[in-house]
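Below are the chains, spelled out letter by letter.
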Amino acid sequence: MPVKIRLQRHGKKGKPFYWVVAADSRAKRDGRFLEKIGTYNPNTNPATIDLDVDGAVKWLQNGAQPTDTARAILSYKGALLKNHLAGGVKKGALTEEQAEAKFNAWLEEKEAKVAGKTDDLVKAEAEAKAKALEAEKAVNEARIAAATPAVEDSEDAAAESGADSEE
């Protein structure tokens, strides 16, 4: 039975939410699956991915072929790296401890990158809010300035007409 690791669409129209599943390649896209490996939510920035890395590695070692998008998700979360390191351990190129240390170092680096992107997005959003507030203040000041001279002109005119009538 050919097994694929692929995405199963859930969620409503315009708001997709996916399950990452191991399924028989002959099954329908949203049909029967063998095991749910994780979830993928592309609606957030950065996309939210919850993946059972060990379960994905188990399926990869048993011959499951990921689809293109599933491969990108597995790569992003480190499942393909862990599978590669497990192959090195099996061949005797490195020990289990070395493989685990390499994977953990990669994972920490990846988490730092994601945290950096999240921080940059928060900063950009704060800057955009500050610019919008400044623009709104400028528009309001211009509106007040445009309205104020009209009032002063009418007061000046009234004062002048009152001065003329007093003479």
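Our subject is the structure that appears above.
The structure presented is a predicted model; accordingly, all values stated were derived computationally and were not measured. (Residues numbered from 1 in each chain as written. Predicted model: local features only at pLDDT ≥ 70, side-chain atom pairs only at ≥ 80, totals over all residues. Heavy atoms only, no water.)

Trainee: Teacher, can you tell me more about the packing of helix α1 (residues 53-61) against helix α3 (residues 79-91) here?
Mentor: The axes of two packed helices give the description: the angle between them and the distance between them. Their axes nearest at 9 Å, the elements α1 and α3 cross at an angle of 55°. Accordingly, the angle class assigned to the pair α1 and α3 is oblique. Crossing angle aside, the handedness with which α1 passes α3 is right-handed. Taken together, the residues of α3 that come into contact with α1 (itself represented by Val53, Asp54, Ala56, Val57, Leu60 and Gln61) are Ala79, Leu80, Lys82, Asn83 and Ala86. By residue class, the composition of the contact of α1 with α3 is 7 nonpolar, 2 polar and 2 charged. (Axes fitted to C-alpha atoms, helices over the stretch in contact; angles between N-to-C directions. Helix = DSSP H or I, 4+ residues; strand = E, 2+ residues; numbered from the N terminus. Parallel < 35°, antiparallel > 145°, perpendicular 65-115°, else oblique. Left-handed = near helix turned anticlockwise from the far one by under 90°. Contact = heavy atoms within 4.5 Å. Nonpolar A, V, L, I, M, F, W, Y, C, P; charged D, E, K, R; others polar.)

Trainee: When you look at the pairing of strand β3 (residues 35-41) in this model, what are you seeing that I'm missing?
Mentor: The buried fraction of β3 amounts to 5 of the 7 residues, a majority that puts the element mostly inside the structure. Across 5 bridges, the pairing between strand β2 (residues 15-24) and β3 is antiparallel. Paired with valine 20 across the two strands is glycine 38, which belongs to β3. In the sheet, β3 pairs with strand β4 (residues 48-51) via 4 bridges, with the strands oriented antiparallel. Considered in β4, the bridge of tyrosine 40 is made with isoleucine 49. Between β3 and β4, which pair antiparallel one after the other, the connecting turn spans 6 residues. (Buried < 20%, exposed > 50% of the residue type's maximum accessible area, 1.4 Å probe, protein only. Pairing = 2+ DSSP bridges.)

Trainee: How should the side chain of asparagine 41 be read in this particular structure?
Mentor: Structurally, asparagine 41 is set in strand β3. Here asparagine 41 falls in the buried class, since its relative accessible area comes to 17%. If near-sequence neighbours (up to four positions away) are discounted, asparagine 41 is found in contact with Pro16, Phe17, Ala47 and Thr48.

Trainee: Hey, could you run me through unusual backbone geometry in this one?
Mentor: Among all residues save glycine, negative phi is the norm, and among peptide bonds the norm is trans. Each neighbour pair has its own omega, and for asparagine 45 with proline 46 the value is -5°, a cis peptide bond. Position of proline 46 among the secondary structure elements: in the loop between β3 and β4.

Trainee: I keep staring at the sheet that holds β4 and nothing clicks. Help me out?
Mentor: Paired through their backbone hydrogen bonds, the strands of a sheet run either parallel or antiparallel. With mixed pairing, the 5 strands of this open sheet are ordered in space as β4-β3-β2-β1-β5. Looking along the sheet, the strands with just one partner apiece sit at the ends: β4 and β5 (65-66). In this structure, strand β1 (residues 3-12) lies alongside β2, joined through 10 bridges in antiparallel fashion. Of the residues in β2, the one forming a bridge with valine 3 is aspartate 24.

Trainee: Sorry, what's going on with the packing of aromatic side chains here?
Mentor: Geometry of an aromatic ring pair is reported as the spacing of the ring centres plus the angle between the planes. As enumerated under the stated definition, the model contains 3 aromatic pairs in all. Residues tryptophan 19 and phenylalanine 33 carry aromatic rings whose centres are separated by 5.9 Å and whose planes lie at 85° to one another, so their mutual orientation is edge-to-face. With tryptophan 19 in strand β2 and phenylalanine 33 in the loop between β2 and β3, this residue pair connects regions lying 14 residues apart in the sequence. With relative accessibility at 23%, the residue tryptophan 19 sits in the partly exposed group. Taking relative accessible area as the criterion, phenylalanine 33 reaches 32% and is therefore assigned partly exposed. Centre to centre, the rings of phenylalanine 103 and tryptophan 106 are 6.4 Å apart; their planes meet at 25°, and the pair counts as stacked. Of the two residues, phenylalanine 103 and tryptophan 106 are both situated in helix α4 (residues 96-166); the distance of 3 residues between them amounts to about one turn of the helix. Here tryptophan 106 falls in the partly exposed class, since its relative accessible area comes to 25%. Stacked on the ring of tryptophan 19, the Lys or Arg lysine 36 has its end atom at 4.1 Å from the ring centre. The ring centre of phenylalanine 103 lies 4.9 Å from the NZ or CZ of lysine 82, which sits over that ring. (Phe/Tyr/Trp six-rings, centres within 6.5 Å; stacked < 30°, edge-to-face > 60°. Lys NZ or Arg CZ within 6 Å of the ring centre and 35° of its normal.)

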